[in-house]
Amino acid sequence: MGPPELARHLLVVFGATGDLMQRKLLPALHSVAPVGDAPFVVVGVARQPLDEPGFRAQCVASLTSDGSVPTGDAAAWAARHLHYVSVGAGAPEDYQRLSGELERIEREEALPGNRVLYLALPAAAFPPTIEGLGSAGLHRSKGWTRLVVEKPFGRDLASARALNALVHQFFAETQVYRIDHYLGKETVQNLLVFRFANMLFESAWNRDRVDCVEITVAEDLGVEHRAGYYETAGALRDMVQNHLMQLLTLTAMAVPAQYEADQIRNEKVKVLRSLEAIRPEEAVFGQYGPGTVGAAAVPGYREEPGVNPTSTTETYVALRLKINNFRWQGVPFFLRTGKRLPTKTTYIHVHFRSPPVWFFPATSPGEITANSLRIMVQPDEGFELAIEVKKPGHEIALQTQRMHFQYSEVFGPLADAYQTLILDVMRGDQTLFVRADEVEESWRLIAPLLEHPPALRPYPAGAWGPTESTALVTPGGHHWTEG
Ligand code: BG6
């Protein structure tokens, strides 16, 4: 049985034969109601002229591919919960026919008319699909209707505004759920608890105590099979505008008056509005060349399948940002992300100030490491607090010790972000979804870099980005975390 508070509804997934549905949404839906009744009936929608048994067989193959669900169980689940409708070329009459099919399924399944419309589609398909939905009156139903839109939401400020305007032609903002899957990660949600339930840290979370903040989202993988998309995106659009901005706002925001979706999002937007415009010398763009990751020799970006051999797409971005508000004035925020870096790791590293006066006789301030707190978002989710201790012995000698907390040791494996996000859509909780103004503000922030990208610096695959990224942080005596 699914969680009892969920209202029964139809979940219509556009792009149901695609990667996202097959790899992420199906396992998430299965986890909401693995056996027995479910609060939802899924209607897969795509162009492919599949019949229902064909669609179900495809879904069963996806659900069973890692061996976690037995084939018999998956087949029974699919037969009970999955339907399929082809929308052909997506002409207005196709959406009219879809509307009729949805009503038929709702009647047969005795559903009250609540609907989730999930656009698991490539970005180019968002506008025609939203228009098709609107033209067929599918933005309204007998109960509630919610629209879920995947990333990327626009490719610059103008297109994001145009897409928001189109969405709002048919849907109120309270119906819209823009996905950034980082918000569904447990450790990202935990940022609010960590910060606002622990006075110890919150009272030090400001310019008086913090020297700088580093946010690293590193990937060891290259562009894989996604050159078609990535060539038109690059790391700035693919990672910074969304995932890194979300990590930044949750790290820097003030405490909202209540734990409520709009109050939390208001505080995040305030951070984005307080960010100073990025100057060209505060950004470094890089592109990986051939190199070694782990023990494997890997090709450079320009040699990857589907990539233009003279491509100038950036696979690495590092930024130095300033937040002009009372809490953070003067504290640099260093952000970096890249593909083909030495390892996959995401963390927020808060570096605290050194003691104002040096008091120990035998050592100098240069010999101590200032306190720091590293929040590990993934993998090895948890945190690490670096403190100074006295080495035992007659001399006063200091040593850095790291205190660890690891989620897996206490709670076991964590759920996939999509499980959290799909449940929140079903519940009608918008807290972990990006609001229209939030998405526009983050596009506004990176607009100068989209218009005038900095010079592209090469780095060998397996390095921590181009050497120029070091100079971005050294002026204040800072350095990037190694590893
Ligand atoms: C996606 C990007 O949004 O996030 C990918 O399009 C990237 O390029 C992925 O690899 C990283 O997500 P995660 O959850 O593996 O850190």
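Please read all numbers here as calculations on a predicted model, not as lab measurements. Starting from 1, residues in each chain are numbered consecutively following that chain's sequence as written. Totals for whole chains, interfaces and linings use all residues, but because this is a predicted model, local features are given only for residues with pLDDT of at least 70 and pairs of side-chain atoms are given and counted only at 80 or more. Derived side-chain values reflect all non-hydrogen atoms in the structure, with water molecules and hydrogen atoms excluded from consideration.

A.B. asks: How should helix α4 (residues 92–108) be read in this particular structure?
C.D. replies: Think of an α-helix as turning once every 3.6 residues; residues three or four places apart then point the same way. Each helix corresponds to a stretch of at least 4 residues labelled H or I by DSSP, and each strand to a stretch of at least 2 residues labelled E; elements are numbered beginning at the N terminus. By this rule the span expected of a helix is its residue count minus one, scaled by 1.5 Å. Spanning 17 residues, α4 covers 25 Å between terminal C-alpha atoms, matching the ideal 24 Å at 1.5 Å per step. On its buried side, α4 packs onto β1 (9–14), β2 (40–46), β3 (82–86), β4 (115–119) and α5 (126–135). The positive-phi residue at the C-terminal boundary of α4 is Ala110, with phi of around 50 degrees. Between two residues, a contact is recorded if the distance between any of their heavy atoms is within 4.5 Å.

A.B. asks: Before we go on, may I ask you to explain the sheet that holds strand β5 (residues 145–149) in this structure?
C.D. replies: Hydrogen bonding along the main chain pairs the strands of a sheet, whether they run parallel or antiparallel. Across the sheet, which stays open at both edges, the 6 strands sit in the order β3-β2-β1-β4-β5-β6 with parallel pairing between neighbours. Strand pairing shows two members of the sheet lacking a second neighbour, β3 and β6 (176–178), which therefore form its edges. Taken pair by pair, the neighbouring strands of this sheet meet at an average axis angle of 20 degrees, ignoring direction. The pairing criterion is simple: DSSP has to find at least two bridges between the two strands. Relative to β4, β1 runs parallel, the two sharing 5 bridges. What sits directly across from Val13, in β4, is Tyr118. Whenever a helix is involved, its axis is fitted only over the stretch in contact; in every case the axis is a line through C-alpha atoms, and angles between N-to-C directions fall within 0 to 180 degrees.

A.B. asks: I'm lost on the sheet that holds strand β13 (residues 345–352) in this one. Help?
C.D. replies: With mixed pairing, the 9 strands of this open sheet are ordered in space as β16-β15-β14-β13-β7-β12-β11-β8-β17. Bordering the open sheet on either side are β16 (398–406) and β17 (456–460), each of which pairs with just one other strand. The average undirected angle you get between the axes of adjacent strands in this sheet is 20 degrees. The sheet contacts of helix α7 (residues 186–196) involve β13, β14 (372–378) and β15 (382–390), and relative to β14 the element is tilted by about 145 degrees. On the sheet, helix α9 (residues 227–252) packs against β7 (210–218), β8 (283–289), β11 (316–322), β12 (332–338) and β13 and is oriented at approximately 145 degrees with respect to β12.

A.B. asks: Would you explain the pattern of salt bridges in this entry?
C.D. replies: Here the idea is simple: oppositely charged side chains can pair when their charged atoms come close. Think of a salt bridge as a Lys or Arg side-chain nitrogen and an Asp or Glu carboxyl oxygen that are within 4 Å of each other. Within this structure, the stated rule accounts for 31 salt bridges. Of the charged contacts, one joins Arg273 and Glu441 as a salt bridge, the two residues approaching to 3.2 Å between their closest N and O atoms. Within this pair, whereas Arg273 is found in helix α10 (residues 261–274), its partner Glu441 is found in helix α13 (residues 436–451), the two being separated by 168 residues in sequence. The class of Arg273 is exposed, set by a relative accessible area of 52%. The partner of Glu282 in a salt bridge is Lys322, with the nearest N and O atoms 3.1 Å apart. One end of the pair, Glu282, is in the loop between α10 and β8; the other, Lys322, is in strand β11, with 40 residues separating them in the sequence. Its relative accessible area of 3% is what places Glu282 among the buried residues. Bridged by salt links that share partners, the residues Glu276, Arg279, Glu281, Glu282 and Lys322 form one connected network. Note on exposure labels: buried denotes an accessible area under 20% of the residue type's maximum, exposed denotes more than 50%, and partly exposed covers the range between, all computed with a 1.4 Å probe on protein chains only.

A.B. asks: Could you clarify how one ought to interpret the site of the ligand in this entry?
C.D. replies: The cutoff for a nearby residue is simple: one of its non-hydrogen atoms must lie within 4 Å of the molecule or strand. Surrounding the ligand, one finds Lys151, His181, Tyr182, Lys185, Glu219, Arg226, Asp238, Met239, His243, Lys339, Lys344 and Gln378. Glu219 places a polar side-chain atom, nitrogen or oxygen, 2.5 Å from an oxygen atom of the ligand. Two N or O atoms count as a polar contact when they lie within 3.5 Å, although within protein this holds only if one can serve as hydrogen donor and the other as acceptor, and sequence-adjacent residues are included solely when both atoms are side-chain atoms. Within the side chain of Arg226, a nitrogen or oxygen atom sits 2.9 Å from an oxygen atom of the ligand. Per-residue and other accessible areas follow the Shrake-Rupley method at a 1.4 Å probe size, with only the shown protein chains counted as cover for residues. In the complex, 81% of the free accessible area of the ligand, which totals 400 Å², lies under the protein chains.

A.B. asks: Explain the environment of Ser86 to me, please; I cannot follow it from the model alone.
C.D. replies: When you line up the elements, Ser86 lands in strand β3. Distance from Ser86 to Glu52, taken between C-alpha atoms, is 9.7 Å for residues 34 residues apart in sequence. Polar side-chain contacts of Ser86 include one of 3.4 Å to the backbone oxygen of Gln48.

A.B. asks: Explanation requested: the packing of aromatic side chains in the structure shown.
C.D. replies: When we look at a pair of aromatic rings, we describe it by the centre distance and by the angle of the planes. Only rings of Phe, Tyr and Trp enter the pairing, Trp through its six-membered ring, and a pair is recorded when the two centres are within 6.5 Å. The plane angle decides the type: under 30 degrees is stacked, over 60 is edge-to-face, the rest tilted. Taken as a whole and assessed by the stated rule, the structure comprises 13 aromatic pairs. When the ring of Tyr288 is compared with that of Tyr301, the centres are 5.7 Å apart and the planes differ by 75 degrees; the resulting orientation is edge-to-face. With Tyr288 in strand β8 and Tyr301 in the loop between β10 (296–298) and β11, the pair connects residues that are 13 residues apart, well separated along the chain. Neither residue differs from the other here; Tyr288 and Tyr301 are each classed as buried. By the ring-pair criterion, three or more aromatic residues cluster together here, those being Phe194, Phe201, Phe383, Phe405, Tyr407 and Phe411. By definition, being over a ring means that NZ of Lys or CZ of Arg is both within 6 Å of the ring centre and within 35 degrees of the ring normal. The ring of Tyr347 carries Arg374 above its face, with NZ or CZ at 4.5 Å from the centroid.

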